[in-house]
Amino acid sequence: MPIVDGLIQDYTNVSTTPYTEVATDVNILVDSSGGNRTINLRGAINSDGRVLHIIKTAPANTVVIDPFGSETINGNLTLELSSRQSVTLFCDSVEWFIR
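Bear in mind that the values here come from a model prediction, so they are computed numbers and not experimental data.

About the cut-offs
Residues numbered from 1 in each chain as written. Predicted model: local features only at pLDDT ≥ 70, side-chain atom pairs only at ≥ 80, totals over all residues. Heavy atoms only, no water. Buried < 20%, exposed > 50% of the residue type's maximum accessible area, 1.4 Å probe, protein only. Helix = DSSP H or I, 4+ residues; strand = E, 2+ residues; numbered from the N terminus. Pairing = 2+ DSSP bridges. Salt bridge = Lys/Arg side-chain N within 4 Å of Asp/Glu carboxyl O.

Chemist: Help me understand the pairing of strand β7 (residues 51-56), please; the structure alone is not making it clear to me.
Modeler: The side chains of a regular strand alternate between the sheet's two faces. Judged by which residues are buried, β7 turns out to be one-sided: L52, I54 and K56 face inward and are buried, whereas V51, H53 and I55, on the alternate face, are not. Sheet analysis places strand β5 (residues 27-30) next to β7, joined by 4 bridges and oriented parallel. Residue pairing in the sheet places V30 in a bridge with K56 of β7.

Written out as structure tokens, the structure is:
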């Protein structure tokens, strides 16, 4: 496990789609070199206070982050990452926010 800011942080490698994040995910590294990828978020009611980092590791294709049902990220139904972008999300048990 890598050490970040003096803390050991676990990560999950994702190269297939769709992937639904689980309660133990902290950092999700998404390899989109083989095609577009979708990361599904669990329901916000189960993620109160949660911080999640999603990192796109390849320049090709896109990664779509899709909250559960009609939940949103900053008011949007999905969030798309392009070339090697990353995002940190925070959940307040109702919706997700870009941090």
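Chemist: How do you make sense of the sheet that holds strand β8 (residues 63-66) when you look at a structure like this?
Modeler: The strands that make up a sheet pair up through hydrogen bonds in the backbone, lying either parallel or antiparallel. Judged by pairing direction, the sheet is mixed, and its 4 strands sit side by side in the order β4-β6-β8-β9 without closing on themselves. The open sheet has two free edges, formed respectively by β4 (19-20) and β9 (79-81), since each of these has just one partner strand.

Chemist: How should the pattern of salt bridges be read in this particular structure?
Modeler: Inspection of the entire model under this criterion finds 2 salt bridges. A salt bridge links R50 to E21; the shortest N-O distance between them is 2.8 Å. Of this pair, R50 sits in the loop between β6 (37-40) and β7 while E21 sits in the loop between β4 and β5, and the two are 29 residues apart along the sequence. Like R50, the residue E21 is buried in the burial classification.

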